[in-house]
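As a plain string of letters, each chain reads:
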Amino acid sequence: MRQMILIGFLQAQNCTNHPSSWRHPDSRTDSWSADYYRHIGRVLEEGKFHLGFFDDRLSMPDMYGRNHAHTVAHGIRCVKLDAVTVLTVMGMATERLGLGATYSTSYFEPFHVARVFATLDLMTGGRAAWNVVTSLNDGEAQNMGRDEVLDHDLRYDRADEFMEIVLGHWDSWEDDAIVQDKASGVFARSEKVHRLDYRGRYFRSRGPFTVPRSAQGHPIVIQAGASGRGRRFGAQWGEVIFVAYPNLAVGRRDYAAFKSEVARCGRTPEHVHVTQLINTVAAATKAEAEDKWAEIDKLPLEIDALSLLSEALNFDFAKKGMDEPFTEQELNGMSGLQGIRDRVVAAKKNPTVRDFITISGRGRVHNPIVGGPKEVADQLEEWFAAPACDGFVLSATHVPGAYEDFVRSVTPELQRRGLFRQDYAGITLRENLGLALPAHGAWRHRHSPAG
Ligand SMILES: Cc1cc2nc3c(=O)[nH]c(=O)nc-3n(C[C@H](O)[C@H](O)[C@H](O)COP(=O)(O)O)c2cc1C
């Protein structure tokens, strides 16, 4: 029987992806301590989660009013730690949990990223994953030595080359290259360690790569492109895909279309897992969950939404009055997560700032699944069976409570229904995701669905 994949959506920051979460009475207040991440890791592993994954952004959300004062004062994602370092701590506190982090193809060198994740993969016994993003706003660009973010499609063109280098380097050492024969003095067979010699339009990297292959071959590649260009990129390179489908009907349609796109790349659709972003408020009973939700729903402030909208759309919302409609030109000038803009414009032709806040739901916990074990499991089962996804990326209303509540009340119900496994299948993330060890160079047989 097909079983669902569960992933914890984590942030190495002072709040969850909901800025108001730090004000929740049960939120821990030490999100810059190692113990905080060790605790989350253990909770997710107790719940047999496949993966804990950290998002990333290389700047504070300071686009609103072009100032960071409000960000710091209200704790709007203003602390942001390096996720790979945090993952190492989490990896030392767990044994089976997969460990994913986001790194951008727009601001690092591919050799560096390949080495960081390959090393993490060795240090964690083959449990690493890399979420490939291309980054989205000028704040990140300015922290990383540029003036503004590159154009959307150009970011993905560069990212294609980036992937060829990273995967190429990850294939440098054949699995039986190392012999370590102390008697003969042969450490490794030189004919089994290859140089990449890559020269592309945007990147160059020579090699040979300096990290041998891990128990799972190489880290799992995660992707979350939502635009046409982004989805094509994900279909070609991703092994786990994050999606945020707005409803079940769209989910069913887009899931099927995406799987076809994967097949058009010459890949097996079942080997690319699509996971839907969800927020749950779970408890032992429906009534208890509703009380919890009432408390959570009181926490967001208007400034949370304004700040995150400005950041995500790369547009300063402080330039507009609350009820002043946006012009066509302003709407076209929004260069970040255009999916948010498009959703708002589809609902209201000439939206105001207030419309953006209300329709996008940004800064609030959007469409949560609130309930006891039955209500939450029913909804997950409906999406999974449709099928509109292969599993879920669980975002937290507060930490560690949201993960603890899910593991305590929802996981056992999913297991009882046979929708979720009782235990880990193996040690490596690849084994636990039911994916085969990648043969050397197998990725070269894929092609872009456009080409
Ligand atoms: C669950 C999830 C997590 C994401 N995490 C990040 C992240 O950490 N950093 C980032 O810059 N973008 C992140 N994104 C955004 C995507 O990478 C992508 O840019 C976005 O979905 C828009 O698609 P497009 O790039 O094709 O326009 C995430 C998206 C989803 C659904």
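Computed from a predicted model, the values in this text were never measured in an experiment. (Residues numbered from 1 in each chain as written. Predicted model: local features only at pLDDT ≥ 70, side-chain atom pairs only at ≥ 80, totals over all residues. Heavy atoms only, no water.)

Remarks on the overall build of the protein chain
For the protein chain, the count of helices and strands is 16 helices and 13 strands. Compactness check: the protein chain gives a C-alpha radius of gyration of 22 Å against a globular reference of 22 Å for 451 residues, within 12% of the reference. For the protein chain, buried positions account for 56% of its 451 residues. Partitioning the contacts of the protein chain with sequence separation of at least 6, the portion at a separation of at least 24 is 76%. Accessible surface, the protein chain as shown: approximately 18900 Å² in total, 50% of it carbon and sulfur. Separation of charge centres in the protein chain, based on 53 positive and 58 negative side chains, amounts to 3 Å. (Helix = DSSP H or I, 4+ residues; strand = E, 2+ residues; numbered from the N terminus. Rg over C-alpha atoms; globule rule 2.2 N^0.38 Å. Buried < 20%, exposed > 50% of the residue type's maximum accessible area, 1.4 Å probe, protein only. Contact = heavy atoms within 4.5 Å. Areas by Shrake-Rupley, 256 points an atom, 1.4 Å probe, with all protein chains shown as cover. Lys, Arg positive; Asp, Glu negative; His and termini not counted. Charge placed at Lys NZ, Arg CZ, Asp CG, Glu CD.)

Overview of a negative patch on the surface
Judged by side-chain charge, Asp147, Glu148, Asp151 and Asp153 come together as a negatively charged surface patch. In this structure, aspartate 153 sits in helix H6 (residues 152–170). The class of aspartate 153 is partly exposed, set by a relative accessible area of 42%. (Patch = residues over 30% accessible without salt bridge, like charges linked within 9 Å, V, L, I, M, F, W, Y side chains within 5 Å. Salt bridge = Lys/Arg side-chain N within 4 Å of Asp/Glu carboxyl O.)

Side note on the site of the ligand
Taken together, the neighbourhood of the ligand is formed by 17 residues, with Asp56, His152, Tyr156, Ala224 and Ser227 sitting nearest. In this structure, an oxygen atom belonging to the ligand sits 2.5 Å away from a side-chain N or O atom of tyrosine 156. For the ligand, the accessible surface in isolation is 620 Å², of which the surrounding protein chains cover 89%. Among the elements of the structure, strand E4 (128–133) and H6 are those that each provide at least two residues to the shell around the ligand. In terms of residue class, the shell around the ligand is made up of eight nonpolar, six polar and three charged. (Near = heavy atom within 4 Å. Polar contact = N/O pair within 3.5 Å; in protein donor to acceptor, adjacent residues only side chain to side chain. Nonpolar A, V, L, I, M, F, W, Y, C, P; charged D, E, K, R; others polar.)

Considering the nonpolar core
The nonpolar side chains of a soluble globular protein tend to be buried, and buried together. Counting 85 residues, the largest nonpolar core has Phe117, Trp130, Trp170, Leu380 and Leu414 as its most contacted members. At eight residues, the largest contribution of residues to this core is made by H6. For leucine 380, the residues in contact, after removing those within four places along its chain, are Met4, Ile278, Ile369, Phe392, Phe406, Val410 and Leu414. With 15 residues, the next largest nonpolar core counts Leu306, Leu313, Ile340 and Ile357 among its residues. (Core = buried A, V, L, I, M, F, W, Y, C linked by side-chain atoms within 4.5 Å.)

Observations concerning unusual backbone geometry
The amide bond that connects alanine 386 to the next residue, proline 387, takes the cis arrangement and shows omega of -10 degrees. Among the secondary structure elements, proline 387 is positioned in the loop between helix H14 (373–385) and strand E13 (391–395). Following valine 399, the chain continues to proline 400 via a peptide bond in cis, the omega torsion being 5 degrees. Relative to the elements of secondary structure, proline 400 occurs in the loop between E13 and helix H15 (401–416). Even without being a glycine, asparagine 314 presents a positive backbone phi close to 55 degrees.

Some remarks on the layout of surface pockets
What the second largest pocket holds in volume is close to 400 Å³. The wall of the second largest pocket is formed by 19 residues, among which Arg267, His271, Pro438, Ala442 and Arg446 lie closest to the centre. Residues of the lining of the second largest pocket, tallied by class, amount to eight nonpolar, five polar and six charged. (1 Å grid on protein atoms, 1.4 Å probe; cavity = no way out; pocket = protein on both sides within 12 Å on 5 of 7 lines; lining within 4 Å. Points joined across faces, edges and corners; volume = space filled by probe spheres on them.)

Some points on a nonpolar patch on the surface
On the surface, a cluster of nonpolar side chains totalling about 310 Å² of accessible area is made up of Met92, Leu122 and Met123. Inspection of the secondary structure puts methionine 92 in helix H3 (residues 83–92).

Section: the pairing of E4
Along any regular strand the residues' side chains alternate between the sheet's two faces. Of all six residues in E4, five are buried; the element is thus mostly enclosed. You can see the chain leave strand E3 (residues 98–104), run along helix H4 (residues 110–123) and come back into E4, and the turn it takes is right-handed. Across four bridges, E4 lies against strand E9 (residues 220–223) in parallel orientation. Note that in E9 the partner of tryptophan 130 across the bridge is valine 221. (Right-handed = clockwise from strand over helix to strand, strands pointing away. Pairing = 2+ DSSP bridges.)

Structural notes on the packing of aromatic side chains
Applying the stated criterion across every chain yields a total of 19 aromatic pairs. Between phenylalanine 49 and phenylalanine 406 the ring centres are 5.9 Å apart and the planes differ by 75 degrees, which places this aromatic pair in the edge-to-face class. Taken as a pair, phenylalanine 49 in the loop between helix H1 (34–46) and strand E2 (51–54) and phenylalanine 406 in helix H15 lie far apart in primary sequence, 357 residues in all. Each of the two residues, phenylalanine 49 as well as phenylalanine 406, counts as buried. We note arginine 2 situated over the ring of phenylalanine 384; from NZ or CZ to the ring centre the distance is 3.9 Å. Above the ring of phenylalanine 315, the side-chain terminus of lysine 319 is found at 5.1 Å from the ring centroid. (Phe/Tyr/Trp six-rings, centres within 6.5 Å; stacked < 30°, edge-to-face > 60°. Lys NZ or Arg CZ within 6 Å of the ring centre and 35° of its normal.)

Brief notes about the environment of glutamate 311
Here glutamate 311 is to be found in helix H10 (residues 302–313). You can call glutamate 311 buried: its relative accessible area is 2%. In this structure, the C-alpha to C-alpha distance between glutamate 311 and glycine 139, residues 172 residues apart in sequence, is 8.2 Å. A distance of 3.1 Å separates a polar atom in the side chain of glutamate 311 from a polar atom in the side chain of arginine 57.

Some details on the pattern of salt bridges
Inspection of every chain in the model, using the stated rule, returns 33 salt bridges. Residue aspartate 157 is joined to arginine 229 by a salt bridge in which the shortest nitrogen-to-oxygen separation is 2.9 Å. You can see aspartate 157 sitting in helix H6 and its partner arginine 229 sitting in helix H7 (residues 228–237), a full 72 residues away along the chain. Lysine 259 is paired through a salt bridge with aspartate 390; the nearest N and O atoms lie 2.9 Å apart. Separated by 131 residues along the polypeptide, lysine 259 in helix H8 (residues 248–264) and aspartate 390 in the loop between H14 and E13 bring together distant segments of the chain. Each member of the pair, lysine 259 together with aspartate 390, is buried. Ionic contacts of the salt-bridge type, sharing partners, join the residues Lys374, Asp378, Glu381, Glu413, Arg416 and Arg417 into one network.

Describing the state of the cysteines
As enumerated under the stated definition, the model contains zero disulfides in all. Among the cysteines around cysteine 15, which has no disulfide bond, cysteine 78 carries the closest sulfur, lying 7.3 Å off. (Disulfide = S-S within 2.5 Å.)

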